[in-house]
Amino acid sequence: LGHVTGKGDGLYVLDVDGETLTLKSNEEHDTAANTFFFGRPQLGPSSPSGRLGLANPTYLIAHEPKGVKDAVSVVIYAVDEREDHPGTLRALTLNKRTGELSPLGDEHDIVAADDRPHEGGACCHVMVTPDEKYVLAANYLCGSLVVVGRREDGSLDSDDVRYYRLDGTDDVTITYPGPNVNRQDRAHAHMVLYSKGSESDSILVPDLGSDCVWSIPYVGPKGSGGPLGTPIATGYDPVLAGGGPRHAVLHPDPNVRKIYVAYELTSLVASFDIDEKTGAIVSSSMLSYSRPTVCNVLAGTRSHSFYSDASAASTSEEDKRGYEQSLRCDAKKESVPTCADKDTSVAAIRITPDASHLLVSSRIVNGEGTISALPLLENGDLNPQASARIRGVLGRTPRDFAVMDGPITASTIIA
């Protein structure tokens with residue numbers, strides 16, 4: 001687990017029972033067996049092993065090499081999101097038995113951003129390419145990507161580091177600020193997502209600042225100019241202006257070429273078509289382009305459907321009007337109901353293992369966070385006839401979550 005506000009102390013490893021989804025307490029771990037690392041801060045500024053000084057690790061992934069099932073350890077890639085520092089990308093190993101985290105390799109610390117050396121890069125998301133050749137990370141504040149070579153043991157190669165900026169192209173001019181002046185002052189890369197095509201692959205990058213999702217050709221080690229090609233501005237529609245794309249998820253069925261994008265600033269979700277050949281988002285200049293299907297995941301803040309007990313909700317006139325708003329929106333309409341980012345902001349988006357629903361988390365200002373379940377049709381379209389189900393998460397600020405395919409049904413874990 002990482003954290004976004006700097007209130008934690010490094011990284012935490014939790015021991016989750018796969019059947020009951022309950023957490024083991026610190027007292028349940030055997031000190032003699034060296035399992036006392038579970039549930040305790042590691043690699044933070046004040047921890048005993050804090051020489052790395054992870055001040056604000058906000059996102060991480062666990063990676064196991066293809067065809068290798070190591071019962072003892074797994075590689076962890078984590079980002080240290082800083083506003084006073086370019087930020088760093090870290091390579092670690094996790095001992096599955098003890099919960100201990102350790103630095104991996106001699107060069108486990110890679111500077112995430114190179115164009116704002118005296119300011120914050122805010123490195124916020126990380127992924128490994130399927131060919132296991134590179135680790136990619138998104139820099140939120142400076143709107144760029146860092147691509148780092150990955151060695152066979154999972155360590156990072158400091159001699160193979162490249163930086164890519166998200167700028168307008170010859171045929172697309174992006175001007176700032178965007179409709180949301182306070183948040184859309186420049187490019188703000190928020191995620192990196194790999195998308196496979198039948199002939200080539202793409203890296204998809206939701207950019208909160210420009211309102212587009214960049215499609216970047218992935219050429220890998222064979223590229224003379226580096227592993228990535230020229231970024232192309234895709235995934236934009238006028239109905240989504242000011243939305244601020246944050247995260248996205250691909251449909252798991254390779255025959256359903258859809259991507260679903262969550263818009264942080266307006267609480268919208270939109271679905272776009274994916275080009276079968278390149279894995280890129282179908283652009284508006286292509287004959288196969290169709291306008292995105294759009295829906296509001298909340299349709300007003302403090303809706304009574306957030307609560308198990310309707311009496312717990314506010315009964316102000318403003319909230320009553322929120323109740324009356326439809327949870328279903330149509331992109332063909334001139335306007336789509338949106339929520340103001342001063343009231344709520346969308347965070348993470350996932351799809352259930354059976355591809356029946358999209359799950360979207362929302363952070364409600366001065367209120368309980370929520371998860372919205374948006375029904376999908378078999379062809380991957382958002383279902384215009386079905387209402388979303390919204391539930392509180394018994395806590396605030398559900399910034400991220402994971403869906404576990406449990407023994408009985410899919411279960412969601414909120415962090």
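Residues numbered from 1 in each chain as written. Predicted model: local features only at pLDDT ≥ 70, side-chain atom pairs only at ≥ 80, totals over all residues. Heavy atoms only, no water.

Residue-level account of the sheet that holds strand S20 (residues 370-375), with values.
The strand order across the open sheet formed by 4 strands is S18-S19-S20-S21, and the pairing between neighbours is antiparallel. With one partner strand each, in any of the chains shown, strand S18 (344-351) and strand S21 (389-392) form the two edges of the open sheet. Strand after strand, the sheet turns through a mean of 25 degrees between neighbouring axes, direction not considered. Sheet analysis places S20 next to S21, joined by 4 bridges and oriented antiparallel. Residue pairing for S21: Ser-372 is matched across the bridge by Ile-390. (Pairing = 2+ DSSP bridges. Helix = DSSP H or I, 4+ residues; strand = E, 2+ residues; numbered from the N terminus. Axes fitted to C-alpha atoms, helices over the stretch in contact; angles between N-to-C directions.)

I'd love a proper account of the nonpolar core, names of residues and values included.
One finds Leu-136, Leu-145, Val-192, Ile-203, Val-205, Ile-216 and Leu-228 to be the most contacted residues of the largest nonpolar core, which totals 25 residues. Elements that contribute at least two residues to this core include exactly strand S6 (123-128), strand S7 (134-139), strand S8 (144-150), strand S11 (201-207) and strand S12 (212-218). In terms of residue count, the dominant contributor to this core is S12 (4 residues). When near neighbours in sequence (up to four residues on either side) are disregarded, Val-205 contacts Leu-145, Leu-166, Ala-189, Met-191, Val-192, Cys-212, Val-213, Trp-214 and Ile-216. The next biggest cluster of nonpolar side chains, apart from the first, holds 20 residues, and it includes Ala-262, Val-297, Val-360 and Ile-364. (Core = buried A, V, L, I, M, F, W, Y, C linked by side-chain atoms within 4.5 Å. Buried < 20%, exposed > 50% of the residue type's maximum accessible area, 1.4 Å probe, protein only. Contact = heavy atoms within 4.5 Å.)

Which residues make up the pairing of strand S9 (residues 156-165), and what values go with them?
Relative to S9, S8 runs antiparallel, the two sharing 7 bridges. Residue pairing for S9: Val-147 is matched across the bridge by Arg-162. Counting the residues that bridge the hairpin from S8 to S9 gives 5 residues, and of these Gly-154 lies at a positive phi of roughly 95 degrees.

I'd like to hear about the pattern of salt bridges, residue by residue, with values.
Applying the stated criterion across every chain, the model contains 15 salt bridges. Of the charged contacts in the structure, one is a salt bridge between Lys-96 and Glu-64, with a shortest N-O distance of 2.6 Å. On the criterion of sequence distance, the pair formed by Lys-96 in the loop between strand S3 (88-95) and strand S4 (101-103) and Glu-64 in the loop between strand S1 (57-63) and strand S2 (73-80) is long-range, its members being 32 residues apart. Overall, the relative accessible area of 31% leaves Lys-96 in the partly exposed class. We note a salt bridge from Lys-342 to Asp-343, for which the minimum N-O separation is 3.5 Å. Put simply, Arg-183, Arg-246, Glu-264 and Arg-363 are held in one network by salt bridges that share partners. (Salt bridge = Lys/Arg side-chain N within 4 Å of Asp/Glu carboxyl O.)

Give a detailed account of the sheet that holds strand S10 (residues 193-195), specifying residues and quantitative values.
The strand order S10-S11-S12-S13 describes an open sheet built from 4 strands, whose pairing is antiparallel. With partners counted over all chains shown, the strands left at the sheet margins are S10 and strand S13 (232-234), one partner each. Looking at each pair of strands side by side, their axes are set apart by 35 degrees on average, direction ignored. In the sheet, S11 pairs with S12 via 7 bridges, with the strands oriented antiparallel. When the bridges of S12 are listed, Pro-206 appears paired with Val-213.

With reference to specific residues and values, describe the environment of Ser-387.
Note on placement: Ser-387 falls in the loop between S20 and S21. A relative accessible area of 43% means that Ser-387 is categorised as partly exposed. For the pair Ser-387 and Leu-374, spaced 13 residues apart in the sequence, the C-alpha separation amounts to 7.3 Å.

Break down a nonpolar patch on the surface for me, with residues and values.
A cluster of nonpolar side chains, Leu-14, Val-16 and Leu-23, forms an exposed patch at the surface whose accessible area comes to about 240 Å². Looking at where Leu-23 falls in the secondary structure, it is placed in the segment before S1. Since its relative accessible area comes to 53%, Leu-23 is described here as exposed. (Patch = residues over 30% accessible without salt bridge, like charges linked within 9 Å, V, L, I, M, F, W, Y side chains within 5 Å. Areas by Shrake-Rupley, 256 points an atom, 1.4 Å probe, with all protein chains shown as cover.)

Explain the packing of aromatic side chains to me, and be specific about the residues and the numbers.
According to the stated counting rule, one finds 2 aromatic pairs in the structure shown. Aromatic pair Tyr-134 and Tyr-218: ring centres 6.4 Å apart, planes at 80 degrees, arrangement edge-to-face. Taken together, the residues span a long stretch of sequence, with Tyr-134 in strand S7 and Tyr-218 in strand S12 at a distance of 84 residues. Among the residues examined, Tyr-134 registers a relative accessible area of 6% and is labelled buried. A ring pair is formed by Tyr-194 and Tyr-218, whose centres lie 5.4 Å apart and whose planes are at 70 degrees; its orientation type is edge-to-face. Of this pair, Tyr-194 sits in strand S10 while Tyr-218 sits in strand S12, and the two are 24 residues apart along the sequence. Among the aromatic residues, those joined into a ring-pair cluster are Tyr-134, Tyr-194 and Tyr-218. Over the face of the ring belonging to Phe-401 we find Arg-350, whose NZ or CZ atom lies 5.6 Å from the ring centre. (Phe/Tyr/Trp six-rings, centres within 6.5 Å; stacked < 30°, edge-to-face > 60°. Lys NZ or Arg CZ within 6 Å of the ring centre and 35° of its normal.)

The values are spatial; any link to function lies outside them.
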